[in-house]
Amino acid sequence: MKFIVSSTELLKNLSYISGVIAPNPIVPILENFLFELDQNKLVVTASDMQTVMVAELDVNSSDVASIAIPARLLMDTLKSLPEQPITVNLNTDTFGVEIVTSTGRFKITGENPLDFPRPPQVNKNFNIELNSDVLAAAINNTIFATSTDDLRPAMTGVFMDIQSDHTTFVATDGHRLIRYRRNDIQSSTDNRLILPRKALNLLKSSLPSDVVPVVTEFSSSNAFFSFGNIKLICRLIDERYPDYDNVIPKANPYKLIVERSTFLATLKRISIFSNKTTHQIRLKMEPNELTISAEDLDYSNEAVEKIACEFDGELLEIGFNAKFLSEMLSNLSSSTVMMELSQPNRAGLIVPTSKQDNEDILMLVMPVMLNSYN
């Protein structure tokens, strides 16, 4: 049994789904791609038990067969080949795979496809409609703030609060929180769920640059995404998400407005001189002037810079983690941003002064305590 396919086309589709495969999977069969050939249609599946990605592509064949092929060996082989039609011969009795090119042949030992776990079936409770650019924006604006602490599994994913007139995406690691709201993602029923970080990263890297519709369906335990010839299925995080609304301060009398790119560039320079563990920088706010400073007492390094701003309030001095601030500002596109503050020991809010259509974004960052506020 065999099929003929473009080496580049096969490699491109395998590259989309190969990120699912764990470096050291618990079950050895998961080091393989599952190839399922049904005449002119080839379906390739990659899985780590929690997340499954499937790519479908057209091939030249009249056979029906399935086999598991070692992913790394196959990918490395395809990467080394120039663009050309290749013939892939499959022996379903011995699980042998032979790749025939214009100049040679390569033999790979496959495995029994029956050992490969089957992906969950779509048993949808509800679905939402959205385009790839909207989904990409929701992922890009939140995923960087998810936690890497597996002891708090709920915070390792992005929370989706789906309501009849809008959908809110929330990410937090306990030090910062992002609330990203879309008015153009709606559902007839209210639902709340947590999408895992790995699945969202895979979606982020495989979504096309062109705007295409993404079919998004949810069951009680899984999420299903389908676009173009790619499908992704992931297990939802079955945990209770923190009450994010309660941690967002409502009374913030001090408002700082500053040019985002200038603020970001200054932060990056000043942070070079901050402590490498705490990344602490100091913001001193006065009318028309923002002073940004940092010092590393271990090495007697320090830096200070002043930039123009608009500040409404009394003189205020507050400390932040420069790494967190820089990352948050980098993910905003507004030319100017506003920081809303109350006290040096209370969380600060960052919001863009101009908003894109149908979206609303709020970023919260916790302060770090300074030795003095003088």
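Look above for the structure.
Everything in this summary refers to the structure shown in the same document. (Residues numbered from 1 in each chain as written. Predicted model: local features only at pLDDT ≥ 70, side-chain atom pairs only at ≥ 80, totals over all residues. Heavy atoms only, no water.)

1. A look at the sheet that holds strand E25 (residues 359–365)
Counted only if it meets this: Pairing between strands requires that DSSP locate at least two bridges from one strand to the other. Helix numbering and strand numbering both begin at the N terminus, where a helix is a DSSP run of H or I of at least 4 residues and a strand a DSSP run of E of at least 2. To get an axis, a line is fitted to the C-alpha atoms, and for a helix only the part in contact is used. The angle between two axes follows their N-to-C directions and goes from 0 to 180 degrees. By definition in these notes, contact holds between two residues if any of their heavy atoms fall within 4.5 Å.
Here 9 strands make up an open sheet; going across it, the order is E13-E10-E11-E12-E25-E24-E23-E17-E21 and the pairing antiparallel. Whereas interior strands pair on both sides, the edge strands pair on one side only; in this sheet they are strand E13 (191–196) and strand E21 (310–312). On average, each strand axis in the sheet is inclined to that of its neighbour by 20°, with strand direction left out of account. Bridging between strand E12 (residues 176–182) and E25 involves 7 bridges; their strand directions are antiparallel. From the neighbouring strand, Ile178 faces E25, where its bridge partner is Met363. Contacts between helix H7 (residues 322–330) and the sheet are confined to E12, strand E23 (336–341), strand E24 (348–352) and E25, with E25 contributing the most and set at about 175° to the helix.

2. Here we look at the sheet that holds strand E5 (residues 64–70)
Within a sheet, neighbouring strands are paired by backbone hydrogen bonds and run either parallel or antiparallel to one another. With antiparallel pairing, the 8 strands of this open sheet are ordered in space as E5-E2-E3-E4-E16-E15-E14-E9. This sheet does not close on itself; its edge strands, each paired only once, are E5 and strand E9 (126–131). The sheet shows a mean angle of 15° between the axes of neighbouring strands, taken without regard to direction. Summarising the sheet, strand E14 (residues 213–218) and strand E15 (residues 222–227) pair through 4 bridges and their orientation is antiparallel. Opposite Glu217, over in E15, you have Phe224 as the bridge partner.

3. Looking at the nonpolar core
Applied cut-off: Residue types Ala, Val, Leu, Ile, Met, Phe, Trp, Tyr and Cys, when buried and joined through side-chain atoms within 4.5 Å, form a set referred to as a nonpolar core. The classification of residues rests on relative accessible area computed with a 1.4 Å probe and restricted to protein chains. Under 20% of the type maximum is buried, over 50% is exposed, and intermediate values are partly exposed.
Formed by 100 residues in total, the largest nonpolar core has its most connected members in Phe33, Phe35, Leu195, Phe263 and Leu283. Sequence-distant contacts of Leu195, that is, excluding residues within four places in its chain, are made with Gly157, Val158, Met160, Leu200, Phe218, Ala223, Phe225, Cys234, Leu236 and Ile237. Counting residues in hydrophobic clusters, the runner-up holds 15 residues, among them Phe159, Ile237, Ala347 and Leu349.

4. As for the packing of aromatic side chains
Spelled out, the test is: By convention, a stacked pair of Phe, Tyr or Trp rings (six-membered ring in the case of Trp) has centres within 6.5 Å and planes under 30 degrees apart, an edge-to-face pair has planes over 60 apart, and any other such pair is tilted.
Summed over the entire model, instances satisfying the criterion amount to 7 aromatic pairs. Aromatic pair Phe218 and Phe225: ring centres 6.4 Å apart, planes at 85°, arrangement edge-to-face. Here the two residues Phe218 and Phe225 agree in accessibility, since each one is buried. On the basis of an interplanar angle of 55° and a centroid distance of 6.1 Å, the ring pair of Tyr254 and Phe311 is categorised as tilted. With Tyr254 in strand E17 (residues 254–259) and Phe311 in strand E21, this pair connects stretches of sequence that are 57 residues apart. Pair check on accessibility: Tyr254 and Phe311 agree, each one buried. Through successive ring pairs, a cluster of aromatic residues spans Phe126, Phe218 and Phe225.

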